[in-house]
Amino acid sequence: MSTTAATISAMRKFNRFYTGVIGLLDQHILDSDFSLSEVRVLYEIWHTEQCTAGKLAERLQLDGGYLSRMLKTFEQQHIVNRKQSAADGRTWFLQLTAKGKRLMNTLDQRSNEQIRQVLDPLPAHQQQEVTRSMETIEHLLSANRKISLEDLSFRNELLPGDAGYLIYLHGDIYARETGYNLEFEAYVCKTFYDFLQQYDPAKDRVFIASWQQRIVGAVAILGHSSELAQLRWLLVHPDMRGIGLGKKLVADALAFCREKQYKQVYLLTTHQQTTAADIYIKAGFKKTGTEPQQMWGHQLREERYDLLIDN
């Protein structure tokens, strides 16, 4: 997809703004007579085990000659020294001297204080929003932006605001991907309202996956009787597809059903949700019914899937 002119303009505007912020944050570093590039090199040496000039050049994308001159100056200033590798005499490891460590501790404290001055005027929730936004930008623009299940956090406790956000996600995602109208969102609202009116953690459970404190996946189990439960509201954010999240959510939901000794679990879906249906079938569900329905602005086939649990 081609990037729009409006998106390019917005990013350039942000770059101009953040360049000014960076100027504020780097003021103390400049006062120390070290350039930003020099401090970056010192920081990498400080935090990298068995650091070599080759590693620095590759990680920081610095010209070899420029880096060599910089390291020579550091050695003359007695803030960096070299230690020969015991395993390979051709390899020399870079490390900070005691003087270099004192310097970096001082710069680190000054940098932290400068950032604190920038963020302190913001309330805690806005500071968290700034942090999440920075992490999102770093993730999306990095070369390796693949997310795995290990990057997500999971909980099965329903908190205030969860239902409202899940209703929003259903309405937004299904409108964009299947063209469902407002009737669908009203339907989701009604089903959540009915659920919350009778919600009982002893028989019901909502499984939620979050990334950077935002819900990116969910599924629920509704206990209808001592033997019958319903699986509802399976949803995986488009950015999180392909990592096995839907499979994990369904597996966790069914583990809860076995724990509560439900004998049967059913779910209702439509013929359009083919990816979800594949997850259900692989989990052991069988399609037990199909009924044509005119709903949510489409002619659909409502499908029922059932799973008999052997406890």
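All values derive from a computational prediction rather than experimental measurement.

### Focus on the overall build of the protein chain
Right, so step 1: Along its length, the protein chain carries 11 helices and 9 strands.
Right, so step 2: In terms of C-alpha radius of gyration, the protein chain reaches 27 Å, well past the compact-globule figure of 19 Å for 311 residues.
Right, so step 3: Once the C-alpha set of the protein chain is aligned to its principal axes, its extents read approximately 80 × 50 × 40 Å.
Right, so step 4: Counting the 311 residues in the protein chain, one finds 35% classified as buried.
Right, so step 5: Of all intrachain contacts in the protein chain linking residues separated by at least 6 positions in sequence, the fraction that spans at least 24 positions is 60%.
Right, so step 6: Carbon and sulfur atoms form 52% of the exposed surface of the protein chain, whose accessible area is close to 19100 Å².
Right, so step 7: The positive charge centre, built from 37 side chains, and the negative charge centre, built from 37, are 5 Å apart in the protein chain.

### A few points about the sheet that holds strand 3 (residues 153-155)
Right, so step 1: Strand order across the open sheet formed by 7 strands is 3-4-5-6-7-9-8, with mixed pairing between neighbours. Of all strands in the sheet, those with a lone pairing partner are strand 3 and strand 8 (286-295), marking the two edges. Strand-to-strand twist in this sheet, taken as the mean axis angle between neighbours without regard to direction, amounts to 20°.
Right, so step 2: Sheet topology note: the strand 7 (residues 264-270)/strand 9 (residues 298-308) ladder contains 7 bridges and is antiparallel. What sits directly across from Gln264, in strand 9, is Leu308.
Right, so step 3: Against the sheet, helix 10 (residues 245-259) touches strand 3, strand 4 (205-211), strand 5 (214-223), strand 6 (228-236), strand 7 and strand 9, its axis set at about 160° to strand 6.

### Let's talk about the packing of aromatic side chains
Right, so step 1: Taken as a whole, this structure holds 16 aromatic pairs when the rule is applied.
Right, so step 2: With a centroid separation of 6.4 Å and an interplanar angle of 50°, the aromatic rings of Phe34 and Phe74 are classed as tilted. In this pair, Phe34 is assigned in the loop between helix 2 (27-31) and helix 3 (36-47) and Phe74 in helix 5 (residues 64-76), connecting sequence segments 40 residues apart.
Right, so step 3: Under the relative-accessibility criterion, Phe34 is labelled buried at 12%.
Right, so step 4: Consider the rings of Tyr280 and Phe285, whose centres lie 6.0 Å apart with planes at 65°: the pair is edge-to-face.
Right, so step 5: Arg304 extends its terminal NZ or CZ atom over the ring of Tyr266, reaching a point 4.2 Å from the ring centre.

### So, unusual backbone geometry
Right, so step 1: In this model, Trp233 sits at a positive phi of 60°, which is unusual for a non-glycine residue.
Right, so step 2: Here Trp233 is to be found in strand 6.
Right, so step 3: Unlike most non-glycine residues, Trp296 shows phi in positive territory, near 60°.
Right, so step 4: Given a relative accessible area of 10%, Trp296 falls into the buried group.

### Focus: the side chain of Asp204
Right, so step 1: Mapped onto the secondary structure, Asp204 falls in the loop between helix 9 (182-197) and strand 4.
Right, so step 2: Here the side chain of Asp204 touches Lys203 through a polar contact of 3.1 Å, side chain to side chain.
Right, so step 3: Discounting chain neighbours no more than four positions away, the residues touching Asp204 are Phe195, Gln198, Tyr199, Ile221, Leu222, Gly223 and Phe256.

### Thoughts on the pairing of strand 7
Right, so step 1: Within strand 7, 5 of the 7 residues are buried, which leaves it mostly tucked inside the rest of the structure.
Right, so step 2: In this sheet, strand 7 lies alongside strand 6 in parallel orientation, the contact comprising 3 bridges. By the bridge assignment for strand 7, Ala229 is matched with Val265.
Right, so step 3: Between the parallel elements strand 6 and strand 7, the chain passes through helix 10 in a crossover that is right-handed.

Here is what the cut-offs are and how they apply
Residues numbered from 1 in each chain as written. Predicted model: local features only at pLDDT ≥ 70, side-chain atom pairs only at ≥ 80, totals over all residues. Heavy atoms only, no water. Helix = DSSP H or I, 4+ residues; strand = E, 2+ residues; numbered from the N terminus. Rg over C-alpha atoms; globule rule 2.2 N^0.38 Å. Buried < 20%, exposed > 50% of the residue type's maximum accessible area, 1.4 Å probe, protein only. Contact = heavy atoms within 4.5 Å. Areas by Shrake-Rupley, 256 points an atom, 1.4 Å probe, with all protein chains shown as cover. Lys, Arg positive; Asp, Glu negative; His and termini not counted. Charge placed at Lys NZ, Arg CZ, Asp CG, Glu CD. Pairing = 2+ DSSP bridges. Axes fitted to C-alpha atoms, helices over the stretch in contact; angles between N-to-C directions. Phe/Tyr/Trp six-rings, centres within 6.5 Å; stacked < 30°, edge-to-face > 60°. Lys NZ or Arg CZ within 6 Å of the ring centre and 35° of its normal. Polar contact = N/O pair within 3.5 Å; in protein donor to acceptor, adjacent residues only side chain to side chain. Right-handed = clockwise from strand over helix to strand, strands pointing away.

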